[in-house]
Amino acid sequence: MEKRHVIAPATGSPGGAGGAVFGSNSAQWISILALVVFAVALPFALSKYHVFELTMVMIYAIAVLGLNILTGYNGQISLGHGGFFAAGAYTAAILMHRYGVPYWATLPAAALICFVLGVLFGLPALRFEGPYLALVTLAMALATPQLLKYFDTWTGGQQGINLPKPVPPHWLEIDRDRWLYFVALMALLIAIRIAANILHGRTGRALIATRDQPIAAVAMGIPTARYKTIAFGTSTLFTGVAGALAAIVIGYVSPEGYSLFLSVSFLVGSAIGGIATIGGAIVGGLFIEFVPNLANDISDAAPWAIYGLAMLLFMYTMPRGAVGTVWPWIGKALMRMGPHKIE
Amino acid sequence: MHQFLQQIFSGLAAGAIYASVALALVMIYRATDLVNFAQGEMAMFSTYIAWTLVNAGLPFWAAFLITLAVSFVGGMAIERVLIRPVENAPVLAAVIVTIALLLIFNSTAGWLYSYTVQDFPSPFPDRPVFGALITTRDLGVIAVTLVMLAMLFIFFRFTATGLAMRAAAQNPESARLCGIPVGRMLAIGWGLAAAIGATAGIMVAPVLFLDPNMMGGVLIYAFAGALLGGITSPVGAVVGGLIVGVTENLVGTYLIASQLKLTVAFALIILVLVFKPNGLFGTAIIRRV
Amino acid sequence: MAPILQLRSVKAFYGQSEVVHGIDVAVEEGGMTVLLGANGAGKTTTLRAICGMVRSEGEISFAGQRLDRRSTEEIASLGVAHVPEGRGTFIGLTVEENLRLGGYTRGRSDQNIQRMYGYFPILAQRRRQQAGALSGGEQQMLAIARALMMTPRLLVLDEPSFGLAPRIVEDIFTIIDRIKQEEKVSVLLVEQNATLALELADHAYLIETGYIVTSGSAKSLADDPQIRRSYLGY
C-alpha cells in the first residue's frame with residue numbers, strides 16, 4: 001500500500017516565513033523592527049479587552065509554535081498538547097498560590113517541568129508512529145482533566161485555583177492588561193528566536209532528515225532517537241510556558257479549561273497556520289482566539305458547525321496552511337519584483 | 001466469581017459496540033491511511049435519524065433498516081464531496097477535515113435536536129437470563145453485531161465488489177489497471193463504514209441515552225481497540241474492541257474509582273502497545289530508504 | 001492494416017517535468033513491438049502515459065478510440081492490459097483472487113482462470129497461497145495471467161525480466177510468445193534484455209532521453225552496428 005506523507009513535503013525554505021524573517025539581510029531587519037514597533041504601539045490604540053485578546057493570541061501562538069516543532073519538523077501528530085499546556089498552567093498556579101512565588105519566576109519553572117515531562121513522555125512515545133502516537137497523546141489529553149480532579153489537594157480539584165493578580169512594575173505607568181501584553185510579546189519573540197535557531201541550525205537539519213528519511217538519517221549517524229526526544233521536550237517546553245502565561249493572564253485555572261478540545265484546537269491552529277512554519281503559529285493563534293467568537297456571532301445556535309466550516313474552508317483553499325500556501329507565492333512575487341535576491 | 005463473569009459479559013456487549021466502530025475506522029484507514037475522527041459523530045447523527053423515524057411511528061426494525069440505507073448513502077456522499085478534495089493533500093489536512101466534520105455533526109445535531117438527553121427504545125427486553133449472567137438486551141446487542149460481522153465477512157470474501165474493495169485498498173494503482181473504479185470503491189467503503197457506525201449507534205443508544213455527545217467516548221474506546229488489534233487488521237479491530245470493552249468494565253469494577261477509569265484503561269492499552277507497537281494483529285509498516 | 005495503438009507527438013510528464021518529448025509509436029495488430037533504451041530514457045513513462053497513469057499531451061489512439069484524457073480504469077476496460085514495473089500483484093490476496101480481479105471488468109471468469117492455469121500450471125498449484133509468498137518468477141507469471149484475464153486486445157509489459165534468473169526469463173518469454181499467438185493479442189514491450197526482445201519482436205523503437213532515435217523492424221535494429229555495441233553488447 002502506498003503511504004501518504006503525514007505532512008507536506010517541504011517546498012522551498014524549510015523555515016517558511018520564519019526563514020525569511022530571521023535572515024541576516026538588513027532590509028529584513030528593518031521590516032522586523034517595524035513589526036516590533038507596531039506590536040509595541042498597538043496596545044495603546046486598543047481597548048483593554050482587545051489587548052487581552054491579543055495577549056491570548058500570542059500565548060496560543062507560542063503553544064502552536066511548540067506543536068509545530070513536533071508536527072512540522074518531526075512529522076508526528078500530537079493530540080495531547082493541551083495536557084502540557086495544563087501542566088505549565090498548574091505549575092504556575094501552584095507555585096504562586098501555595099508558595100507565593102512571583103509570577104515571572106514561574107515561567108522558567110514551567111519551562112523546566114514541561115521539558116522534563118516531555119522528554120519522559122517522549123521516550124516511550126517515540127516507539128509510536130502516525131495513528132499510534134495520536135492515540136497515546138489523545139489518551140493523555142483525556143486523562144488530563146481526570147488527573148487534575150483526582151489530585152485535588154494540589155490542584156484544588158473541580159474548583160480550581162484563583163491566582164493573585166500580577167502587578168506591573170511601578171516605574172512603568174501602565175495598567176495590568178497592557179503590561180501582560182508586553183510580557184507575552186517578549187515571550188513570543190524569545191520563543192520565535194529560539195525556534196528559528198533550533199530549526200535553521202544543526203538540530204533543525206537533523207530533525208528534517210529524521211522526518212523525511214528516517215532510515216537514511218540513522219545510516220548517516222544522526223542519533224534520531226535523541227533528536228526526536230529533544231524535539232518532543234522542546235515542543236512541550238514551549239507549550240508549557242504558554243500554559244503558565246495563560247494561567248497568569250486569565251488569573252484562574254480549573255480542570256474544565258484543559259479538555260481534549262484544547263489539544264484539538266492547537267492541532268487545528270497548527271494545520272491552519274501551516275505546520276512547518278514559524279509565521280503560521282501566529283495565524284494559528286489568531287484562529288484559535290477569534291474564530292470561535294466569530295462563529296458565535298454568525299450563529300449562536302450552532303457555533304461549532306460554523307467553526308467546522310471555517311476549518312473546511314481553510315483546508316480546501318490552503319491545504320498546506322495559510323503561511324505554507326501563501327508564503328511561497330509571496331516569495332515568488334518578490335523575486336519577480338525586484339533585482340535584489342531575497343535569499 | 002459470578003460477579004466477575006457478569007462483568008465480562010456486560011463488557012463484551014460494550015466491546016461489541018467498540019468493535020463495530022473500530023471496524024469502521026479500520027476500513028477507512030486501510031483504504032485511505034486516514035483516521036476518520038468523525039466516525040462517532042456520523043453514527044450519532046444516524047441514531048438521531050432512527051430516533052426521528054421511530055417517533056414518527058415506524059416499527060423499530062423498519063426504522064433501523066431505513067437508517068442504515070440513509071447512512072450508507074450519506075457516507076458515500078461525504079467521501080465524494082468532502083473527503084475527495086483533500087485526497088492528495090497532506091494527511092494532516094485530511095485529518096483536520098474529519099475533525100471539522102466531527103464539530104459540524106455535533107453542533108448541527110445539538111441545533112436540530114437540542115442537547116437534552118433522550119430515551120431511545122431498545123428492540124430487546126431487558127431482563128437477566130442464564131442465571132443472571134447476562135441480560136437479554138446485551139445478548140441482543142452481541143447478536144446483532146455478530147450478524148453484521150458475518151454479513152461483512154461474506155461480502156468481502158465472496159463478492160466481486162468486496163474483492164475489488166480489498167484490492168483497491170491494498171494497491172490502488174494495480175486496481176485501476178484491472179479496471180476497478182477505485183474512487184467508487186472508496187465511496188462504498190465510507191458508505192459501509194457509516195452504516196456499521198449507525199448500527200453501533202442504534203445499539204448503544206438505549207444504554208447510553210441519546211444526546212449529541214453520546215458517541216464521543218465510544219469513538220475513543222473504538223480507536224483504542226482498533227490500534228490494540230492493529231490498525232490495518234479488520235479481525236484485530238473486532239478482537240481489540242472486545243478486549244477494550246471487557247478491560248474497561250473490569251477496571252471500573254475492581255481496580256479504581258470510576259473517575260480514573262478512562263485513564264487506567266488507556267494506560268493498560270498503551271502498555272500493551274509498548275510491547276506490540278503494531279498492535280496484536282497488525283503488520284509492521286515496512287520502510288525503505 | 002491500421003495499427004491497434006498509435007501515439008502521435010506524445011509528451012509525457014513525471015511530476016512537473018517533461019520526460020518524453022513528443023514521440024510517435026505504432027503497434028501493429030497482432031504484432032509485438034518493443035521499446036528499447038537505457039534507464040531513465042522515458043520507456044516506463046511512455047507506458048504509463050498510454051494507461052493514463054501520468055499526465056500527457058498529444059494523441060494516443062487505440063482501436064479507433066482516443067485514450068488520452070481517459071481514466072486508467074476506463075482504458076483498462078477498453079482492452080489495454082498493463083503489467084506494470086514491479087509486477088503490481090496484490091500481495092495480500094491469494095493467487096486465485098488476483099486472477100479473479102483481472103477478470104473484474106469481464107464478469108464471470110472461472111473458465112478464463114482455468115485457461116490461465118493451462119499456461120501457468122505452477123499458479124494452479126499455488127492458487128490458495130498469498131501472492132506475496134510467490135517467487136519473483138511466479139509473481140511475474142501471475143501478473144501476466146492477471147492481465148490476460150481482462151481478455152485484452154493489447155498487452156503492455158514493463159520489463160517482465162526484471163530481477164529474474166536467466167532461465168526463468170527464457171521461460172517467461174517463451175510463454176509470452178505462445179500467448180501472443182493463441183490469445184490473438186498485440187504486445188507492447190519495454191525490456192532491458194535487448195537481445196531476447198529483438199528476437200521475439202516484429203518492430204522496435206529506441207528511446208534516448210525522451211526522444212525516439214531509431215525505429216524499424218526488429219531485425220534491422222538487431223543488425224545495426226551501433227545498437228549492437230550499445231545495447232546488445234557484441
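In what follows, the structure referred to is the one given above.
Residues numbered from 1 in each chain as written. Chains lettered and ligands numbered in written order. Predicted model: local features only at pLDDT ≥ 70, side-chain atom pairs only at ≥ 80, totals over all residues. Heavy atoms only, no water.

1. A short note on the overall build of chain C
What counts, and what does not: Only DSSP runs of H or I covering at least 4 residues are called helices, and only runs of E covering at least 2 are called strands; the numbering of each starts at the N terminus. Type-normalised accessible area, obtained with a 1.4 Å probe on protein chains alone, sets the label of each residue: buried when under 20%, exposed when over 50%, and partly exposed for intermediate values. With residues, only the protein chains shown are counted as cover, and all accessible areas are computed by Shrake-Rupley using a 1.4 Å probe. A residue counts as positive if it is Lys or Arg and as negative if it is Asp or Glu; His and the chain ends are not included. The atoms used to mark charge sites are NZ of Lys, CZ of Arg, CG of Asp and CD of Glu.
Counting secondary structure elements, chain C contains ten helices and ten strands. When each of the 234 residues of chain C is scored for burial, the buried share is 53%. Surface summary for chain C: the accessible area is close to 10200 Å², and the carbon and sulfur share equals 47%. Between the mean site of the 25 positive side-chain charges and the mean site of the 27 negative ones, chain C shows a separation of 4 Å.

2. Observations concerning the pairing of strand β6 (residues 80-83) of chain C
Consecutive side chains along a regular strand alternate between the two faces of the sheet. Residues and elements named next belong to chain C. To keep things clear, this is the line we draw: The criterion for strand pairing is that DSSP finds at least two bridges linking the strands in question.
Of the two faces of β6, the one lined by V80 and H82 and the one lined by A81 and V83 are each fully buried. Across four bridges, the pairing between β6 and strand β7 (residues 154-158) is parallel. By the bridge assignment for β7, H82 is matched with V156.

3. Points about the sheet that holds β7(C)
Backbone-to-backbone hydrogen bonds pair the strands of a sheet. The strands run either parallel or antiparallel. Residue and element names in this part refer to chain C. Quick note on the threshold: All axes are obtained by fitting lines to C-alpha atoms, using only the stretch in contact for helices, and the reported angles, taken between N-to-C directions, cover 0 to 180 degrees. Contacts between residues were defined by any pair of non-hydrogen atoms, one from each residue, lying within 4.5 Å.
In spatial order, the strands read β6-β7-β8-β3-β9-β10; together these six strands make up an open sheet with mixed pairing. Bordering the open sheet on either side are β6 and β10 (211-217), each of which pairs with just one other strand. For this sheet, the mean inter-axis angle between neighbouring strands, taken without regard to orientation, is 15°. Bridging between strand β3 (residues 32-37) and strand β8 (residues 186-190) involves four bridges; their strand directions are parallel. Residue T33 lies in a different strand from β8, and its bridge partner there is L188. Running at roughly 135° to β3, helix α1 (residues 43-50) makes contact with β3, β6, β7, β8 and β9 (203-208) of the sheet.

4. Notes on the interface of chain B and chain A
What counts, and what does not: What makes a salt bridge here is a side-chain nitrogen of Lys or Arg within 4 Å of a carboxyl oxygen of Asp or Glu, nothing more. Whenever two N or O atoms come within 3.5 Å, that pair is a polar contact, provided that in protein one can donate a hydrogen and the other can accept it, and provided that, for residues adjacent in sequence, both atoms are side-chain atoms.
With 52 residues of chain B in contact, the opposing surface of chain A contributes 51 residues. Remark: the boundary between chain B and chain A carries zero salt bridges. Along the contact surface separating chain B from chain A lie six residue pairs in polar contact (both at pLDDT 80 or more). Sort the elements by how many residues they give to the side of chain B that touches chain A and helix α4 (residues 91-113) of chain B lands first, with 13 residues.

5. Description of the pairing of strand β1 (residues 3-14) of chain C
All names here are of chain C. Across nine bridges, the pairing between β1 and strand β2 (residues 17-28) is antiparallel. By the bridge assignment, Q6 is partnered in β2 with A26. As consecutive antiparallel partners, β1 and β2 are separated by two residues, and within that stretch G15 has a phi angle of approximately 65°, a positive value.

6. Details of the arrangement of the chains
Contacts between protein chains span two pairs of chains, and they are most numerous for chains A and B. Chain A shows no contact with chain C. Their nearest C-alpha atoms sit 9 Å apart.

7. As for the interface of chain B and chain C
Using the following cut-off: Buried area is understood as the total, over both parts, of accessible area removed when two parts are fitted together, assessed with a 1.4 Å probe. In this count, Pro and Cys sit with the nonpolar residues alongside Ala, Val, Leu, Ile, Met, Phe, Trp and Tyr, while Asp, Glu, Lys and Arg are called charged and the others, Gly among them, polar.
Taken together, the contact pairs 19 residues of chain B with 22 residues of chain C. Taken together, both faces of the contact between chain B and chain C bury some 1700 Å²; the carbon and sulfur share is 65%. Counting the surface chain B buries against chain C, the share from its top three residues, B:L163, B:L177 and B:C178, is 38%. At the junction of chain B and chain C, the tally comes to four salt bridges. Linking chain B with chain C are five residue pairs in polar contact (both at pLDDT 80 or more), by the criterion used here. Of all the secondary-structure elements, those providing two or more residues to the side of chain B that touches chain C are α6 (160-170), α7 (172-177) and α8 (182-208) of chain B. Here the side of chain B that touches chain C takes six residues from α6(B), the largest share from any one element. Residues that form the side of chain B that touches chain C fall into these classes: eleven nonpolar, four polar and four charged.

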